[in-house]
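The primary structure of each chain is shown beneath.
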Amino acid sequence: MTTVREKRWRETTSGIFAVVVLVLAAMLAACTSGSGQDDVLEIKFWAMGREGEIVPEVLKEFERENPGVRVIVQQIPWTSAHEKLLTAFAGDALPDVAQMGNTWIAEFAALDAVAGLDEMAGASSVIMEEDYFPGIWATNVVGDTLYGVPWYVDTRLLFYRQDILKASGIVRPPRDWTEWMQAATAVKQHVGKDNFAFYVPLNEYEMQVSLALQQGVPLLRDGDRYGNFSRPELVAALDFYLDFFRKGLAPPSSETDIANVWDEFARGHFTFYLTGPWNIGEFRRRLPADLQDDWMTSILPGPSGPGASTAGGSSLVVFKHSEHKDAAFRLVEFLSRPEIQQQFYEISGNLPPRRSSWRGDRLESDPYLVAFREQLERALPAPKIPEWERIVQELRMVTERAVHEQWTAEEVARELDSRIDRILEKRRWMLARDGGGES
């Protein structure tokens, strides 16, 4: 006869057994349902600004072609991107792949954070160095090592009002410095004292760098240990830049001093404007319909003919710590395909960095892009050292001060070289310590 105590024990045991069975079943089900996830390789990709918003749409095709790979995109604001990358490096939390401004590559190469890509790029059937605009490819090579693959390219040239040039007696856009100054002078005489020939914001440095690069001499000397702006050729570039302000051809103002650059361009407050490809879409959207046939783009004039401009833009890097470098590089290859770069241009407006990506009606038939295509063949890289970002900010501040205080070009050069030499003091010490010595 079963006692009450035995009955309760059996009921309790039975209940525990049932719970155990349910838990084991749930665990088994979880393992079964997760087995497919274990086969999915996740690639972490950091993309900056608007690119981070739109690239997931492009990557759908990559994931269809690579069913075992999932790309996890994290959008990083440009304003905090550099700091976030450095913080992630310090915390060993970098992603597998990232978009990186190409002037940052030397810094992260010096930190030993990015992987060298020569071997993978050399074996690639997609990425071919000879197809890339040489200046933009060169921004990714530090020393003799390739550390990034250009994703899109940015350069600066002239946007101008064709109607005002014609009314000023100028039959075509300038092709060299002499023609540029002559055209600016003629425009100023035509538009009067309250308007200007040229607008270049004082809080930018791209024009100063471009004019310097056009001179064909290094911006830094002795193995990038010292500033080189006191060279006569670079003093001449500074002098040409300052002349626009001395002669009243350009307003001594920053971008923040003009409420709406498109409205000011439309009303003829200035005729020439140095800017980049993103403004093609802005000018099309923002200028009145009756002015749409009155503006155009032109290559940047050089000392004796069409000149160089900066090779800006973003590259794709694979981080050295990544455990999935092969899959990460497949992602880089995918985003480097000409047809994918054309698709990316359609949704972003970012210019492709390789020549084959420019073939086709959309890019070749756009009259505003003709000058950009020509300019990209003349784009040149800035010095590839980690300190370059600091140096160009000093260049901007010194030239802005010179505009307001009427410094001579020689005074600008001396002050700039002094500041650069201080910035590079640690670099000289490290090179000497590592056996580089003084050149």
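Conventions adopted
- Residues numbered from 1 in each chain as written.
- Predicted model: local features only at pLDDT ≥ 70, side-chain atom pairs only at ≥ 80, totals over all residues.
- Heavy atoms only, no water.
- Helix = DSSP H or I, 4+ residues; strand = E, 2+ residues; numbered from the N terminus.
- Contact = heavy atoms within 4.5 Å.
- Core = buried A, V, L, I, M, F, W, Y, C linked by side-chain atoms within 4.5 Å.
- Buried < 20%, exposed > 50% of the residue type's maximum accessible area, 1.4 Å probe, protein only.
- Pairing = 2+ DSSP bridges.
- Axes fitted to C-alpha atoms, helices over the stretch in contact; angles between N-to-C directions.
- 1 Å grid on protein atoms, 1.4 Å probe; cavity = no way out; pocket = protein on both sides within 12 Å on 5 of 7 lines; lining within 4 Å.
- Points joined across faces, edges and corners; volume = space filled by probe spheres on them.
- Nonpolar A, V, L, I, M, F, W, Y, C, P; charged D, E, K, R; others polar.

**Overview of the environment of Ser-124**
Next, step 1: Note on placement: Ser-124 falls in the loop between α5 (118–123) and α6 (134–138).
Next, step 2: In this structure, the C-alpha to C-alpha distance between Ser-124 and Glu-333, residues 209 residues apart in sequence, is 7.9 Å.
Next, step 3: When near neighbours in sequence (up to four residues on either side) are disregarded, Ser-124 contacts Phe-329 and Glu-333.

**Re the nonpolar core**
Next, step 1: One finds Trp-180, Phe-198, Met-207, Phe-229, Tyr-241 and Phe-244 to be the most contacted residues of the largest nonpolar core, which totals 88 residues.
Next, step 2: A total of 9 residues in this core trace back to one element, the largest contributor, which is helix α10 (residues 232–246).
Next, step 3: Aside from chain neighbours lying at most four places away, what touches Phe-198 is Leu-158, Trp-180, Met-207, Phe-244, Leu-249, Ala-250, Pro-251, Phe-270, Phe-272, Tyr-273 and Leu-274.
Next, step 4: Formed by 32 residues, the second largest nonpolar core is a distinct cluster that contains Val-55, Val-58, Tyr-132 and Leu-146.

**Things to note about the sheet that holds strand β7 (residues 157–161)**
Next, step 1: Spatially, β8-β11-β7-β12 is the arrangement adopted by the 4 strands of the open sheet, whose pairing is mixed. Whereas interior strands pair on both sides, the edge strands pair on one side only; in this sheet they are β8 (198–199) and β12 (295–298).
Next, step 2: Pairing analysis gives 4 bridges linking β7 to β12, with the strands arranged antiparallel. Note that in β12 the partner of Arg-161 across the bridge is Trp-295.
Next, step 3: Relative to the sheet, helix α12 (residues 278–286) contacts β7, β11 (272–275) and β12, its axis offset from that of β11 by approximately 135°.

**Side note on the layout of surface pockets**
Next, step 1: What the largest pocket holds in volume is close to 1,000 Å³.
Next, step 2: For the largest pocket, the lining is made up of 39 residues, of which Trp-78, Asp-154, Arg-156, Gly-312 and Gly-313 are closest to its centre.
Next, step 3: Estimates place the volume of the second largest pocket at around 530 Å³.
Next, step 4: In this structure, the second largest pocket is lined by 19 residues; those nearest its centre are Ala-110, Pro-386, Glu-387, Arg-427 and Met-430.
Next, step 5: Of all the elements in the fold, those that place two or more residues in the lining of the second largest pocket are α4 (105–110), α17 (388–405) and α19 (425–433).
Next, step 6: In terms of residue class, the lining of the second largest pocket is built from 10 nonpolar, 1 polar and 8 charged.

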